[in-house]
Amino acid sequence: MKHIKGIRTRFHTLPFILAAAAALATSVAVAGPAGASGWGTHSWTVQVGSESWDQAIQGMAFLPSDITVNAGDTINWEANGAEIHTVSFLAQGQSLRPFDPFDPKQLGPVGTDSYDGTSYYNSGLMSNVEVPGFKVVESYSLTFPKEGDFTYYCLVHGMAMKGTVHVQEEGSDYPYSQRDYDRSSQKQERSILRDGYKLNHSLAKQATDHLVLAGGDDGVAMVMRFVQPDVTVHVGDKVVFSNPGMDAPHTVTFGTEPANVFAPSGDPTHFSGGDLNSGIIPANAGPASSFEVTFTKAGTFKYICALHDYMGMVGEVTVVD
């Protein structure tokens with residue numbers, strides 16, 4: 001919608017002026033930000049991630065991923081999934097590195113509420129639920145006083161999840177309204193879910209009693225479940241837990257969750273019960289993306305992904321003679 005910069009009229013009667021003013025106010029209210037660029041600054045909303053109703057499928061996108069605002073406007077990022085994400089603007093010359101869960105500058109907020117265009121700004125971890133072991137926030141806001149194109153990332157998911165804020169001159173016409181962005185985001189959410197369900201179906205074809213897939217992701221969606229989570233094997237058998245994804249890490253943790261879930265503990269070559277932790281099973285890392293457990297005693301052994309059990313990523317191995 002075009003910005004209305006002013007109204008010239010050859011009518012001078014008070015009733016007409018009042019009626020015209022009322023009509024204009026109504027049209028601006030209906031139009032939303034796309035038709036109101038000359039009436040001050042505006043706030044916009046971007047969704048961070050997405051998910052299925054049971055949290056099994058998590059999206060790897062900012063919705064919308066590209067947004068155009070005016071100088072002085074504010075963007076509010078809202079957590080839209082249980083998986084943790086960040087909204088992170090890198091400093092000039094700073095490169096994107098793998099996520100470090102021990103770096104307080106990645107885990108917590110950095111910067112003011114007004115973006116300077118050059119420094120490192122970070123939301124901290126964002127999620128729409130409480131995440132055990134981490135402090136998370138549900139929303140993050142930044143005002144953009146300077147014109148320019150600014151790219152940001154989710155530090156957890158790297159290049160697979162980035163967005164751009166285009167800041168144009170104050171008072172410019174907006175190319176899209178919030179309603180437009182919401183409609184396109186809803187369409188993209190549905191597409192992400194379809195991709196996630198298709199990915200899960202593909203993973204299920206590969207899994208067996210001796211091969212459990214620890215989630216999976218394809219740069220669009222993440223499957224936050226063990227695929228064939230409940231298996232039955234015999235004493236002496238080996239079960240391979242493999243992470244076939246491109247980006248998302250997982251763990252396989254039996255017994256009591258250790259204080260440091262990122263470090264391996266226990267002996268997977270002779271497991272008869274008790275505590276055992278794979279440490280991080282990274283995606284896309286060749287042999288390091290697998291964790292093998294040999295079961296030496298009959299019984300039922302429950303396990304979890306210590307990073308994503310709060311979403312329902314759990315399983316059970318039944319060992320028979």
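Our subject is the structure that appears above.
Bear in mind that the values here come from a model prediction, so they are computed numbers and not experimental data.

S.K.: Sorry if this is basic, but what is going on with the pattern of salt bridges here?
M.R.: Any two side chains of opposite charge can pair, on the condition that their charged atoms come close. Enumeration according to the criterion identifies three salt bridges in this entry. Salt-bridge contacts for Asp 180 lead to Arg 183; the nearest nitrogen and oxygen are separated by 2.7 Å. Of this pair, Asp 180 and Arg 183 are both found in helix α3 (residues 178-206), three residues apart, which corresponds to roughly one turn of the helix. The partner of Glu 316 in a salt bridge is Lys 302, with the nearest N and O atoms 2.6 Å apart. With a gap of 14 residues between them, Glu 316 in strand β19 (residues 314-320) and Lys 302 in strand β18 (residues 299-304) connect regions that are remote in the sequence.

S.K.: Is there a simple way to explain the nonpolar core in this structure?
M.R.: One recurring pattern in soluble globular proteins: nonpolar side chains tend to sit buried together. Core analysis: the largest hydrophobic core is formed by 37 residues, its most contacted members being Phe 62, Ile 75, Trp 77, Val 87, Phe 89, Phe 144 and Val 165. For this core, the elements supplying multiple residues, two or more each, are β1 (43-51), β2 (57-63), β3 (66-70), β4 (73-79), β8 (139-144), β9 (148-154), β10 (158-168) and β12 (221-227). Those residues within four positions of Ile 75 in sequence are excluded, and the remaining contacts are Trp 44, Val 46, Ile 67, Val 69, Tyr 140, Ser 141, Leu 142, Phe 144 and Val 165. Membership of the second largest hydrophobic core comes to 24 residues, among which are Ala 214, Leu 276, Ala 306 and Leu 307.

S.K.: Would you take a moment to explain the pairing of strand β14 (residues 238-242) for this structure?
M.R.: Regular strands have side chains that alternate between both faces of the sheet. Summarising burial for β14: four of the five residues are buried, a large majority. Examined bridge by bridge, strand β11 (residues 211-217) and β14 share three bridges and lie parallel to one another. Along β14, the bridge assignment pairs Leu 211 with Val 240. For β14 and strand β17 (residues 290-294), the ladder comprises five bridges, and the chain directions are antiparallel. What sits directly across from Val 239, in β17, is Val 293.

S.K.: Looking at this model, I keep getting lost on the layout of surface pockets. Mind explaining?
M.R.: Rolled over the atoms, a probe with the dimensions of a water molecule shows which regions are left empty. Estimated volume of the largest pocket: approximately 520 Å³. Phe 99, Val 156, Asp 247, Ala 248 and Pro 249 are the residues nearest the centre of the largest pocket, which is lined by 26 residues in total. Class assignment of the residues belonging to the lining of the largest pocket gives a composition of 19 nonpolar, four polar and three charged. Taken as a whole, the second largest pocket encloses approximately 160 Å³ of empty space. The wall of the second largest pocket is formed by 15 residues, among which Pro 132, Phe 134, Glu 257, Val 261 and Ala 306 lie closest to the centre. By residue class, the composition of the lining of the second largest pocket is 11 nonpolar, two polar and two charged.

S.K.: How should the environment of Phe 271 be read in this particular structure?
M.R.: When you line up the elements, Phe 271 lands in the loop between β15 (253-254) and β16 (276-277). What makes Phe 271 buried here is its relative accessible area of 3%. In this structure the C-alpha to C-alpha distance between Phe 271 and Phe 301, which are 30 residues apart in sequence, comes to 10.0 Å. Ignoring anything within four residues of it in the chain, the contact list for Phe 271 reads Phe 254, Leu 276, Val 293, Thr 294, Phe 295, Thr 296, Lys 297 and Phe 301.

S.K.: Can you help me understand the packing of aromatic side chains in this one?
M.R.: Here a ring pair, both rings aromatic, is described through the centre-centre distance and the interplanar angle of the planes. According to the stated counting rule, one finds 25 aromatic pairs in the structure shown. Members of the aromatic cluster, each reached through a chain of ring pairs, are Phe 62, Trp 77, Phe 89, Tyr 115, Tyr 121, Tyr 140, Phe 144, Phe 150 and Tyr 152.

About the cut-offs
- Residues numbered from 1 in each chain as written.
- Predicted model: local features only at pLDDT ≥ 70, side-chain atom pairs only at ≥ 80, totals over all residues.
- Heavy atoms only, no water.
- Salt bridge = Lys/Arg side-chain N within 4 Å of Asp/Glu carboxyl O.
- Helix = DSSP H or I, 4+ residues; strand = E, 2+ residues; numbered from the N terminus.
- Core = buried A, V, L, I, M, F, W, Y, C linked by side-chain atoms within 4.5 Å.
- Buried < 20%, exposed > 50% of the residue type's maximum accessible area, 1.4 Å probe, protein only.
- Contact = heavy atoms within 4.5 Å.
- Pairing = 2+ DSSP bridges.
- 1 Å grid on protein atoms, 1.4 Å probe; cavity = no way out; pocket = protein on both sides within 12 Å on 5 of 7 lines; lining within 4 Å.
- Points joined across faces, edges and corners; volume = space filled by probe spheres on them.
- Nonpolar A, V, L, I, M, F, W, Y, C, P; charged D, E, K, R; others polar.
- Phe/Tyr/Trp six-rings, centres within 6.5 Å; stacked < 30°, edge-to-face > 60°.

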